[in-house]
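# A closer look at the structure
Here are the chains, one letter per residue:
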Amino acid sequence: MNNSRRRLLPPMGALASFVAAARHDSFSRAGEDVGLTQSAVSRQIAVLEDWLQLTLFERKGRRVALSRDGQAYMAAISPALDSIRAATAEALSRQSNLELNIATLPSFGMRWLAPRLPALATRHPELIINFAAKSFPFDFAGEDFDAAIHFGPADWPEATHDLLFHEEAIPVCAPSRLAQHPIENAESVLSWPLLVQSSRRDAWSRWLEAAGVDQPAPPPSGSFEHFLMLAQAAAAGSGLALIPRFLIEPELANGSLVSPLEIPLRTQEAYYLVLPKGRPISKSLCNFRAWLVAEASRSA
């Protein structure tokens, strides 16, 4: 932009202060609008008046009012300001339609979802997705999320559920501890420290029942909120843990965790993509939803 054209565009800060002061007939209330003190607004107005070589306001004690020149200037720039607001709103709307906020279970997000995101970016490079860890259901009305990853029955209130897959949890431990304390059969588990994920404290009781052991599980020796914390504790030799197989494939592959018994725990609970009922589904959310369900189908 050459100097002559730049000279015709006043400083935007001064222009914003002028518009706010013209709307309120007050520099102090204008300051509340633009985030400045009354004196700072007064200085911005002075800058604009010097720029235009016009007196834009008549000062009447503590009150101010637009002068005739100020009224004419405000009337002339108002359509342009309205156009700027409309263009900005449209640009923000386009951006917000491309941006998603997704709540995910922490371990699921780290071990299953994150490694697949490059494929999502290749398929939908326009998407901007913000992921946040949420371990428990919440009220969509009180949270700024477009969707969530949920494990359990399909019982999230006021929501629709897209089935992703069921899981199979297996008993795992450190190979060094297993060498010292072999597990010959399901009953042998009862002599081990049993570790649990904090929202599934009855997992060992259910596993023992599925394995045909007619004895209750002892109290847990340790409880962990996240499965990856549980996996680290088991790998360190703290005890025996029941963990979904898909979450610990790296540890099983490198041998830091081993499964002493091929007796999985399968339940009717599953992973779901959950969307709030009654809310419009944007094209971006539709694309993410279709991609996620397809990925889950391939990995099931």
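Note that the structure is predicted; figures quoted are calculated from it, not measured. (Residues numbered from 1 in each chain as written. Predicted model: local features only at pLDDT ≥ 70, side-chain atom pairs only at ≥ 80, totals over all residues. Heavy atoms only, no water.)

### Quick word on the sheet that holds strand β3 (residues 99–104)
- Spatially, the eight strands line up as an open sheet ordered β4-β3-β5-β10-β6-β9-β7-β8, and their pairing is mixed. Of all strands in the sheet, those with a lone pairing partner are β4 (128–133) and β8 (222–224), marking the two edges. The sheet shows a mean angle of 25 degrees between the axes of neighbouring strands, taken without regard to direction.
- Sheet topology places strand β7 (residues 194–197) next to strand β9 (residues 240–244); two bridges connect them, and they run parallel. Within the sheet, the bridge partner assigned to Leu-194 lies in β9 and is Leu-240.
- Strands β6 (159–172), β7, β8 and β9 of the sheet are contacted by helix α10 (residues 227–235), whose axis makes an angle of about 145 degrees with β9. (Pairing = 2+ DSSP bridges. Helix = DSSP H or I, 4+ residues; strand = E, 2+ residues; numbered from the N terminus. Axes fitted to C-alpha atoms, helices over the stretch in contact; angles between N-to-C directions. Contact = heavy atoms within 4.5 Å.)

### Thoughts on the pairing of strand β10 (residues 265–276)
- Two elements, strand β5 (residues 147–152) and β10, share five bridges in a ladder whose sense is antiparallel. Residue pairing for β10: His-150 is matched across the bridge by Tyr-272.
- Here β6 runs beside β10; their pairing, made up of nine bridges, is antiparallel. Directly across from Leu-163, in β10, lies its bridge partner Tyr-272.

### Quick notes on the pattern of salt bridges
- As enumerated under the stated definition, the model contains 13 salt bridges in all.
- With a closest N to O distance of 3.5 Å, Glu-295 and Arg-116 form a salt bridge. Here Glu-295, found in helix α12 (residues 283–299), pairs with Arg-116, found in the loop between α6 (106–113) and α7 (117–123); they are 179 residues apart in sequence, far enough to count as distant.
- Here Arg-200 ties to Glu-167 by a salt bridge, and the two come within 2.3 Å at their closest N and O atoms. You can see Arg-200 sitting in the loop between β7 and α9 (203–210) and its partner Glu-167 sitting in strand β6, a full 33 residues away along the chain. The same class applies to Arg-200 as to Glu-167, namely buried.
- If you follow the salt bridges from partner to partner, you end up with Glu-168, Arg-245, Glu-262 and Arg-266 in one network. (Salt bridge = Lys/Arg side-chain N within 4 Å of Asp/Glu carboxyl O. Buried < 20%, exposed > 50% of the residue type's maximum accessible area, 1.4 Å probe, protein only.)

### Side note on the nonpolar core
- Residues Phe-108, Leu-164, Ile-243, Phe-288 and Leu-292 are the most contacted members of the largest nonpolar core, which totals 37 residues.
- Elements that contribute at least two residues to this core include exactly β3, α6, β5, β6, α10, β9, β10 and α12.
- If you look at the next biggest cluster of nonpolar residues, it comprises 20 residues, including Val-19, Ala-20, Leu-56 and Val-64. (Core = buried A, V, L, I, M, F, W, Y, C linked by side-chain atoms within 4.5 Å.)

### So, the pairing of strand β1 (residues 57–60)
- Pairing geometry for β1 and strand β2 (residues 63–66), over four bridges, is antiparallel. Bridge pairing in β2 places Glu-58 opposite Ala-65.
- Between the end of β1 and the start of β2, which pair antiparallel, lie two residues, with Gly-61 showing a positive phi angle near 65 degrees.

### Quick word on the packing of helix α2 (residues 12–24) against helix α3 (residues 27–34)
- Contact geometry of α2 with α3 gives a least axis separation of 8 Å together with a crossing angle of 125 degrees. Judged by the inter-axis angle, α2 sits oblique to α3. For the crossing formed where α2 meets α3, the hand is right-handed. Residues Ala-16, Ser-17, Ala-20, Ala-21, Arg-23 and His-24 of α2 form the contact with α3, whose participating residues are Phe-27, Arg-29, Ala-30, Asp-33 and Val-34.
- Its residues assigned to classes, the contact of α2 with α3 comprises six nonpolar, two polar and three charged. (Parallel < 35°, antiparallel > 145°, perpendicular 65-115°, else oblique. Left-handed = near helix turned anticlockwise from the far one by under 90°. Nonpolar A, V, L, I, M, F, W, Y, C, P; charged D, E, K, R; others polar.)

### A word on the packing of α2 against helix α4 (residues 38–52)
- Between α2 and α4, the shortest axis-to-axis distance is 8 Å and the interhelical angle comes to 110 degrees. Judged on the interaxial angle alone, α4 and α2 are roughly perpendicular. Crossing handedness for the pair α2 and α4: left-handed. Contact residues: α2 offers Gly-13, Ala-14, Leu-15, Ser-17, Phe-18 and Ala-21, while α4 offers Val-41, Gln-44, Ile-45, Val-47 and Leu-48.
- Classifying every residue of the contact of α2 with α4 by side-chain character gives eight nonpolar, three polar and no charged.

### Comments concerning the environment of Arg-29
- Positionally, Arg-29 belongs in helix α3.
- Residue Arg-29 is classed as partly exposed on the basis of its relative accessible area, which comes to 45%.
- Sequence spacing of Arg-29 and Val-41 is 12 residues, and the spatial spacing of their C-alpha atoms is 9.7 Å.

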